[in-house]
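Reading the structure
The residues making up each chain are set out below.
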Amino acid sequence: MIKTPLAIEHALLGFLRHRPMHAYEIHQTLLRAEALGLVWHLKQSLVYLMLDRLEEAGYVASTLAPQGSRPPRKILHLTSTGHTAFAAWLAAPVAHGRDFRLEFLAKLYFARQEDPATATALIAGQQAVCQAWLADLEAQAAPLSNSRGYDWLVIQFRIGQIGAILAWLDTCAATVTPPAVLK
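Before going further, it helps to examine the overall build of the chain. Helices and strands together make up the secondary structure of the chain, namely 7 helices and 3 strands. When the helices and strands of the chain are listed from N to C terminus, the series reads α-β-α-α-β-β-α-α-α-α. Since a compact globule built from 183 residues should have a radius of gyration of about 16 Å, the 20 Å found for the chain marks it as more spread out than a globular shape. With respect to the three principal axes, the spread of C-alpha positions in the chain is 75 × 50 × 35 Å. Counting all 183 residues of the chain, 36% fall into the buried class. Counting contacts in the chain only where the partners sit at least 6 residues apart, residues at least 24 apart contribute 56% of the total. Surface accessibility of the chain: about 10800 Å² in total, with carbon and sulfur atoms responsible for 60%.

Okay, here's the thing in structure tokens:
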């Protein structure tokens, strides 16, 4: 049975979608205090392990590149299965609030590299999902509003988080979608 890649593994596929790279190069990209390096902090061994799993699952293939007297370097590239999986992952909104920070920020990073339409569709889809989360939480809070006990407070906290995410998504939409040109 082939295991479906995790969100973080999908992001690793994103690094390979435009050109082949070696694992060390991907890890060095994640060490920078910019882009996904601001979001994720991964040990080199974990990056290598995840890339090996992606290769075993058929999402990534490799070739060996000679380096003179040093051991050959393993160059990774996406397979057609990897391209398809990455595209599907990129287009789908994050399904669970607990995964939002790590997964959505990775999706947004890669969607913005694709084109404004991809990023705009991702943001709109995520806004719809967040609105559904908010409606569900508000329905859970309603019967508890008279007691205002601990459960109500926890739900209010979650409502606040989703509200903040929605406000931030509005900022994303305004940033990604250029304003209409006035005539």
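Here we take up the packing of helix α6 (residues 116–141) against helix α7 (residues 150–176). Interhelical geometry of α6 versus α7 gives an angle of 160° and a closest axis separation of 9 Å. By the angle class used here, α6 and α7 are roughly antiparallel. Seen along the crossing, α6 lies across α7 with a hand that is left-handed. In the contact of α6 with α7, the residues fall into 18 nonpolar, 6 polar and 3 charged.

Two aromatic rings, taken as a pair, are described by how far apart their centres are and by the angle between their planes. The full count for this structure, using the stated rule, is 7 aromatic pairs. Arranged with centres 5.4 Å apart and planes meeting at 85°, the rings of Phe 15 and Phe 110 form a pair that is edge-to-face. Of this pair, Phe 15 sits in helix α1 (residues 7–16) while Phe 110 sits in helix α5 (residues 100–114); the two residues are 95 residues apart in sequence, bridging distant segments of the chain. When the ring of Phe 104 is compared with that of Trp 168, the centres are 5.9 Å apart and the planes differ by 80°; the resulting orientation is edge-to-face.

The next point concerns α6. Over its 26 residues, α6 runs 37 Å from end to end, which matches the ideal 38 Å to within 8%, given 1.5 Å per residue. Every buried residue of α6 is listed here: Ala 119, Leu 122, Ile 123, Gln 126, Gln 127, Cys 130, Trp 133, Leu 134, Leu 137 and Ala 141. In this structure Asp 115 caps α6, since a side-chain oxygen of it lies 3.0 Å from the backbone nitrogen of Ala 117.

This part covers the pairing of strand β2 (residues 60–67). Each regular strand shows side chains that alternate between the opposite faces of the sheet. In the sheet, β2 pairs with strand β3 (residues 70–78) via 7 bridges, with the strands oriented antiparallel. Along β3, the bridge assignment pairs Thr 63 with Ile 75. Between β2 and β3, which follow one another and run antiparallel, lie 2 residues, and Gly 68 among them has a positive phi close to 70°.

Time to look at the sheet that holds β3. The strand order across the open sheet formed by 3 strands is β1-β3-β2, and the pairing between neighbours is antiparallel. Two strands close off the open sheet at either side, each with one partner strand: β1 (21–22) and β2. When β1 meets β3, the two strands line up antiparallel, connected through 2 bridges. Among the inter-strand pairings, Met 21 is bridged to a residue of β3, identified as Leu 76. Seen against the sheet, α1 touches β1, β2 and β3 and runs at an angle of roughly 100° to β3.

Another aspect to go through is the packing of helix α2 (residues 23–31) against helix α3 (residues 44–56). How two helices pack is summed up by the angle between their axes together with the distance between the axes. Close contact between α2 and α3 brings their axes to 10 Å; oriented N to C, the two are set at 130°. In terms of their interaxial angle, α2 and α3 are classed as oblique. Between α2 and α3 the crossing geometry is right-handed. Of the residues in α3, those in contact with Ala 23, Tyr 24, Ile 26, His 27 and Leu 30 of α2 are Gln 44, Val 47, Tyr 48 and Leu 51. Among the residues forming the contact of α2 with α3, the class breakdown is 7 nonpolar, 2 polar and no charged.

The rules behind each value
- Counting of residues starts from 1 at the beginning of each chain's written sequence and follows it residue by residue.
- In keeping with the predicted nature of the model, local features appear solely for residues at pLDDT of at least 70, side-chain atom pairs appear and are counted solely at 80 or more, and the whole-chain, interface and lining totals rest on all residues.
- Side-chain metrics rest on all non-hydrogen atoms present in the structure, leaving aside hydrogens and water.
- The numbering of helices and of strands both runs from the N terminus, where a helix is a DSSP run of H or I of at least 4 residues and a strand a run of E of at least 2.
- Note that the radius of gyration is over C-alpha atoms, with the globule rule given as 2.2 Å times the number of residues to the power 0.38.
- Using a 1.4 Å probe on the protein chains alone, a residue whose accessible area is under 20% of its type maximum counts as buried, one over 50% counts as exposed, and one in between counts as partly exposed.
- Working rule for contacts: check all heavy atoms of both residues, and any pair within 4.5 Å makes them a contact.
- Under the convention used here, a 1.4 Å probe and the Shrake-Rupley method define accessible areas, while residue burial counts only the protein chains that appear.
- Convention adopted: a line fitted to C-alpha atoms gives each axis, helices being fitted over their contacting stretch, and angles between N-to-C directions are expressed from 0 to 180 degrees.
- Roughly parallel refers to an angle under 35 degrees, roughly antiparallel to one over 145, roughly perpendicular to one between 65 and 115, and oblique to any angle outside these ranges.
- Left-handed describes a crossing whose near helix is turned anticlockwise from the far helix through less than a right angle; right-handed describes the clockwise counterpart.
- Side-chain classes follow a simple rule in which Ala, Val, Leu, Ile, Met, Phe, Trp, Tyr, Cys and Pro form the nonpolar group, Asp, Glu, Lys and Arg form the charged group, and the remainder, Gly included, forms the polar group.
- Aromatic rings from Phe, Tyr and Trp, with only the six-membered ring used for Trp, were paired whenever their centres fell within 6.5 Å, and each pair was classed as stacked if the ring planes differed by under 30 degrees, edge-to-face if by over 60, and tilted otherwise.
- Expected span, for any helix, means 1.5 Å times one less than how many residues it has.
- What qualifies as a polar contact is a pair of N or O atoms within 3.5 Å, subject to a donor-acceptor requirement within protein and to the restriction that residues adjacent in sequence count only when both atoms come from side chains.
- Any two strands with at least two DSSP bridges between them are considered paired.

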